[in-house]
Amino acid sequence: MRQISLILIAGFIFLFSFEPTINDREIYRSLILLFTAASTVTPSVLLYLLGRFTTKTLASNSADFLHRRFRINQAAIGFDLLGIAGFVCNVYILNFPVLVHQTLHFVNLPRIRHAFSILPLIAGLMLIRLALYEIDRSARRSTAKRLEFLSVHFKFLIFPLLPLLIYFILLDLIDGFPETERFFVEHTYLFLALMALLVLLMYIYAPLLVSRIGKMLPLADMSLKEKISRLAVQGKIRYKKIVVWQTGSLSIANAAVAGIVRWSRQIFLTDALLTHFSDDEIETIVAHEFGHVRYNHIPTYFIFSMTYFLGYAIFSIYVGGPILSLLPESAILTSIEAIVFLFLYFVLLFGYLSRRFEHQADLYAVELTGNPEAFKSALCRLSRLNFIPYSIQRVFEIFHTHPSIHRRIELIDRYEEKDSRSLRYQGYLVEVKILFVLLPVLMFILLLYGW
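Computed from a prediction, not measured in an experiment: that's the story for all the values here. Within any chain, residue numbers begin from 1 and follow the written order of that chain's sequence. The predicted nature of this model means local features are confined to residues of pLDDT at least 70 and side-chain atom pairs, given and counted, to a pLDDT of 80 or more, with totals for whole chains, interfaces and linings taken over all residues. Only hydrogens and water are removed before side-chain values are computed, so all heavy atoms of the structure are retained for them.

Q: I'd like a description of the packing of aromatic side chains, backed by residues and values.
A: Ring pairs are drawn from Phe, Tyr and Trp, using the six-membered ring of Trp, whenever the two centres fall within 6.5 Å, and their geometry is named by plane angle: stacked under 30 degrees, edge-to-face over 60, tilted for the rest. Evaluation of the coordinates by the stated rule reveals 28 aromatic pairs. With centroids separated by 5.1 Å and ring planes inclined at 40°, the aromatic side chains of Tyr-133 and Phe-149 adopt a geometry described as tilted. Of this pair, Tyr-133 sits in helix H6 (residues 119-138) while Phe-149 sits in helix H7 (residues 146-158), and the two are 16 residues apart along the sequence. The exposure classification of Tyr-133 matches that of Phe-149, with both residues buried. Relative to Trp-263, the ring of Tyr-205 has its centre 6.2 Å away and its plane inclined at 70°; by these criteria the two rings are edge-to-face. Taken together, the positions of Tyr-205 in the loop between helix H10 (189-204) and helix H11 (206-210) and Trp-263 in the loop between strand S3 (255-258) and strand S4 (266-270) put the pair 58 residues apart, joining distant regions of the chain. Only protein chains enter the area calculation, which uses a 1.4 Å probe; residues under 20% of their type maximum are buried, those over 50% are exposed, and those in between are partly exposed. Of the residues examined, Tyr-205 reaches a relative accessible area of 40% and is grouped as partly exposed. For Trp-263, a relative accessible area of 56% puts it in the exposed group. In this structure an aromatic cluster arises from ring pairing among Tyr-301, Phe-304, Tyr-308, Phe-309, Tyr-312, Phe-315, Phe-341, Tyr-345, Phe-346, Phe-350 and Phe-357. Lysine NZ or arginine CZ positioned within 6 Å of the ring centre and within 35 degrees of the ring normal marks a charge as sitting over the ring. In this structure, Arg-294 packs its charged tip against the face of Tyr-295, placed 4.8 Å from the ring centre. The helix and strand labels rest on DSSP assignments: H or I over at least four residues marks a helix, E over at least two residues marks a strand, and numbering proceeds from the N terminus.

Q: Which residues make up the nonpolar core, and what are the values?
A: Counting 106 residues, the largest nonpolar core has Leu-8, Phe-12 and Phe-290 as its most contacted members. For this core, the element with the highest residue contribution is helix H16 (residues 331-369), accounting for 15 residues. Residues contacting Leu-8, with those up to four places away along its chain left out, are Ile-118, Leu-121, Ile-122, Leu-125, Leu-157 and Leu-161. Residues belong to one nonpolar core when they are buried, are Ala, Val, Leu, Ile, Met, Phe, Trp, Tyr or Cys, and are joined through side-chain atoms within 4.5 Å. Core analysis: the next-biggest nonpolar cluster, separate from the first, contains 13 residues, Tyr-133, Met-216, Val-243 and Ala-258 among them. Between two residues, a contact is recorded if the distance between any of their heavy atoms is within 4.5 Å.

Q: Tell me about the pairing of S4, and please be specific about residues and values.
A: Counting buried residues in S4 gives five out of five residues, a clear majority hidden from the surface. Burial along S4 is two-sided: the residues Gln-266, Phe-268 and Thr-270 and Ile-267 and Leu-269 are all buried. Relative to S4, strand S2 (residues 241-246) runs parallel, the two sharing five bridges. What sits directly across from Trp-245, in S4, is Thr-270. If DSSP finds at least two bridges between two strands, the strands pair. For S3 and S4, the ladder comprises four bridges, and the chain directions are antiparallel. Across the sheet, residue Ala-256 finds its bridge partner in S4, namely Phe-268.

Nothing here speaks to function; it is all geometry.
The following block contains the structure:
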């Protein structure tokens, strides 16, 4: 889901850098609508045809299916990029936002009115997900209902939209009060403070948002609940409650923790996890989630998000700005500069940090439960039930937030053998310490620059 969120944010960057190139009256409605429909639908159709061609020769129980399906997932990234390329052409060449502004002239919030122009990109991304669903269904690898599948993906899609939309609404409201607007303009750091507050609220109330994905019920298995409670006391982990996500026909086996503060933190388990895993395996999976709490991974992700805004400002001042000054002035080039930093930060850097956190939580689960075999068994079962390849090439892994199952089990084996390479995951990682030092340093640099 991170992939689709980043594509969507990139779309917003292109959209809000747009300036009309022709008079409002000179747009060609029929041409815009025709190109919008074509650029929205074409990537998903091409992906579906590629997927059918790739998997049609495979039996439903083929061991090669996971690797073929993984390659299709990687190919989907290319079709997402094709979709955003069509969206950019629609915006910058055909002036699609002008049509939107004319159609929604009655909406008195200009930024929100402008944000409606993102709808074709959202539709295209959802159609690509639908193509992946149809590929699995045609290969008899999915029993999920189409509506449930699309509903869950759409709800995950709107998560990154919420703080952005709220931010746009607040800016529109600020524009309505000249004195307030002048004050914000004179103190530009207030815009960063406003975004930081919204992101913090998202981290605090993440459990509430996650609970809206599907039907959530309290954990009814009192025996398992008591075991998890004892595990939490043993690890000195605090949380509000444990809930079970009813995934229905999706049959997703997973667990998660959400909530940056104790009073809002919740542990999420799926019904498929309770159905297909033993109590010992579930305990180790929950202990893994406790590892994220124990090592303060959620607050670290918040600091990481805040460092992005400061880091981009410095990148733009000292790197992007000088490079762009050598090129012709262009809104697209400015957008590309922002997207390059977004990719470096939230794909490469975040992926590296996240994979390290997953290893750290794995070793914490083994240490807390004292049952490495149960955890390794759980990882293998997760691979089979969720159609995750057991191993992937390193070149692909750098784009993922989780290490491959093979590498995770390999590190657990090293831990059991007391290999020194596993000791670096005990205690706070060096990267985390650097991150917490980096935030005030970046703020100081920006203050010196006069930002």
